[in-house]
Amino acid sequence: MSSAEGTGGIQVRNLQFSYGERPVLAGVDLSVGTGEIVGLLGPNGSGKSTLVKLLSGVLRPYGGSATLGGRELKDMAAREVARILAVVPQEPVFGFSFNALEVVLMGRHPHLAGLAFESDHDIARAKEALEKCGALEFAHRPVLELSAGERQRVVAARALAQEPEFLLLDEPSSFMDIRHQVELYDLIRSQADDEGTGVMAVLHDLNIAAEYCDRIYLLKEGRILASGPTTEVFTYANLKETFDTDVYVDVNALTGRMLVVPLSRKRKR
Amino acid sequence: MRTARKPLTAAGLLWGVAILSAVLAGSILAGLSAGGGEGGLKSLLFPGEIDDHNARRILLEVRLPRVLLAALIGGALTVAGAVFQALLRNPLADPFVLGVSGGASIGSVLAVLAGLGGTGAGMAFGLDGRMVFAFMGALGALILIEKIATVDGSMSVYTLLLTGAIFNAFSGAMIYFLQSIASLVQLHDIVFSLMGHVPSTGYGTVGVLAIGIVGTVLFLFFHARDYNAMTLGEEGATQLGVDVEKIKRRTFVLGSLLTGLAVSVAGLVGFIGLVVPHMLRLILGPDHRMLIPCSFLGGASFLVLADLLARTIILPGELPVGVITALVGGPFFLYLLRTRRTGHEFR
């Protein structure tokens, strides 16, 4: 992807961050161009969620450089970031009896001024987003009464309603059944292809990553271990080193994509 | 039971505000027309027919300022509750339950002891030293309680409630202590500040409170959409473009200001900020663009009526209005505590 180079998209150079004394990111280089889906994979505690929080302006300050569309993130107000970048968090939080439509409408927040009420255009966008995410049927139900998987679809719809140039997904499908997972990632694929949205997705499912991601970064202990297309990155050696787990790696005969199967430690020898 | 609620529009907001304004107007009329002694509403409406100057004077110089004061105090405490609840994502966060009122009452009593307020000197144009001290006490208590209740960056609702309860017990003891070293004149002010009581003050105090409270409520109202986003948690709100630290700071300061102003005049009037926003959310939905202005009007109506009850129920005596709000609010608090699940909505 040519757009991944240069100053456009998300550009991360030698990014460092620590919680107190404990370093979490120790010099990460990464880029997300327009229209591509980039996967971020790594074991628990490797710094994936921290990277999402840094890039969405939740955690500050950081060492090194991170730019959004050519502008240094440090110099951008939360509102400016929210206008071009949306997040689908791992564990969304809600309060009170807001229904799904109202929560999706909150995605219009960075585009509205002051006390403004959502226009018909905003409401149309919100309903469109709910429909794309298969959540229109529970538009008027309180979010707190929905199942975890349904809530994730509502939150995905909110991110779409934000009309972002960049989308950060933090394990967005952890509570979804495979049908809704496939529907979500198909949607994100077409969002990238048709709208040019640049996507960075934190994923646990290696095969979902192989199916949908244009490029992959393997993250371990705050460092990038390997990066590139899944066909190059998903090797036994890379995955073994990243996850400390034996895997069987093959090419999926049907799709030509990589196929990764974790192996039980008891199976050894 | 649940009908599909349409997203809030400007017209919807105007309807809500109009209806609650009518409720408030009705409450004020009721508050003016009843009470001990002469001076019914008739004397104002038909000044020619009823030739009683005393009645008019009671109405205009005693009852009207008191009713207006009750409205302002009720509105202030309710809006303070509504914004604390948005910030903490917790329907139990009332200034009294959190212990903020307790902090304000310590400040208020200290001001009386220092000769800076109450019936003595220190009153100038309705501005009262108690207001400043109560505000500082409220803010100090809120910052302290938030620090204590936050463990590893997150706040457990039970720690918060427990801290508030302990702080209330502490501030009660503090006030009993201060009471024991106070003079007889000061004692009168202190006792009322403990029980919760809407006094009959001059229009000076009403004017100062009206400017302070209405101005603060309007300011908070302009942050209403930010409060909606805050219900998605601090992270979620940031990712929607809310300057979370700024909102938190402003809510702490302005919520404390509302509480301090109310407590400095009326003492400990509890639970209004808990009962009224909850009822309004059930009827009008949780959107803060509706909730904040309607909380002001609804809370104002509630305290005007509670005060009406307080001064008429045991004629010729008078009940502290805090007794009435606590008798209604205490059981309501327990009901909320029992029925709300301790799942996501309480974290």
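Above this note sits the structure.
The model shown is predicted, which means the values in this text are computed figures rather than measured ones. (Residues numbered from 1 in each chain as written. Chains lettered and ligands numbered in written order. Predicted model: local features only at pLDDT ≥ 70, side-chain atom pairs only at ≥ 80, totals over all residues. Heavy atoms only, no water.)

Attention now goes to unusual backbone geometry. It is generally the case that most residues other than glycine have a negative phi and that most peptide bonds are trans. The omega torsion of the bond from A:Arg60 to A:Pro61 falls at -10°, within 30 degrees of zero and hence cis. At A:Glu163, a position not held by glycine, the phi torsion is positive, near 50°. Here A:Glu163 shows up in the loop between α5 (148-161) and β7 (166-170). Notably, B:Arg89 is not glycine yet its phi reads approximately 50°, a positive angle. Note on placement: B:Arg89 falls in the loop between α3 (53-88) and α4 (95-98). For B:Arg89, a relative accessible area of 15% translates into the label buried. (Helix = DSSP H or I, 4+ residues; strand = E, 2+ residues; numbered from the N terminus. Buried < 20%, exposed > 50% of the residue type's maximum accessible area, 1.4 Å probe, protein only.)

Below, the discussion takes up the packing of helix α5 (residues 100-113) of chain B against helix α12 (residues 244-266) of chain B. Residue and element names in this part refer to chain B. As a packed pair, α5 and α12 sit with axes 9 Å apart at the nearest point and diverge in direction by 55°. Relative to α12, the element α5 lies oblique. Relative to α12, α5 is oriented so that their crossing is right-handed. From α5, Val100, Ser101, Ala104, Ser105 and Ser108 reach across to α12, where they touch Thr259, Gly260, Val263 and Ser264. Considered class by class, the residues forming the contact of α5 with α12 number 3 nonpolar, 6 polar and no charged. (Axes fitted to C-alpha atoms, helices over the stretch in contact; angles between N-to-C directions. Parallel < 35°, antiparallel > 145°, perpendicular 65-115°, else oblique. Left-handed = near helix turned anticlockwise from the far one by under 90°. Contact = heavy atoms within 4.5 Å. Nonpolar A, V, L, I, M, F, W, Y, C, P; charged D, E, K, R; others polar.)

A separate point is the side chain of A:Asp122. Residues and elements named next belong to chain A. With respect to the helices and strands, Asp122 occurs in helix α4 (residues 120-132). We classify Asp122 as buried; its relative accessible area is 4%. Leave out the neighbours within four places in its chain, and Asp122 touches Leu105, Arg108 and Leu112.

Ranked by size, the top nonpolar core spans 136 residues in total, and within it A:Val154, A:Phe234, B:Ile213 and B:Leu303 carry the most contacts. Among the nonpolar cores identified, the runner-up in size contains 30 residues, and A:Leu40, A:Ala66, A:Met200 and A:Val202 belong to it. (Core = buried A, V, L, I, M, F, W, Y, C linked by side-chain atoms within 4.5 Å.)

Because an α-helix completes one turn every 3.6 residues, residues spaced three or four positions apart along the sequence face the same direction. All names here are of chain B. The terminal C-alpha atoms of helix α15 (residues 321-339) lie 27 Å apart, and with 19 residues this matches the ideal 27 Å at 1.5 Å per residue to within 8%. At Leu327, α15 shows its maximal kink, close to 25°; a proline, Pro331, follows between one and four residues later. Among the residues of α15, Val321, Gly322, Ile324, Thr325, Gly329, Gly330, Phe332, Phe333 and Leu336 are the ones counted as buried. (Expected span 1.5 Å × (residues − 1). Bend = angle between axes of the 7 residues up to and from the residue.)

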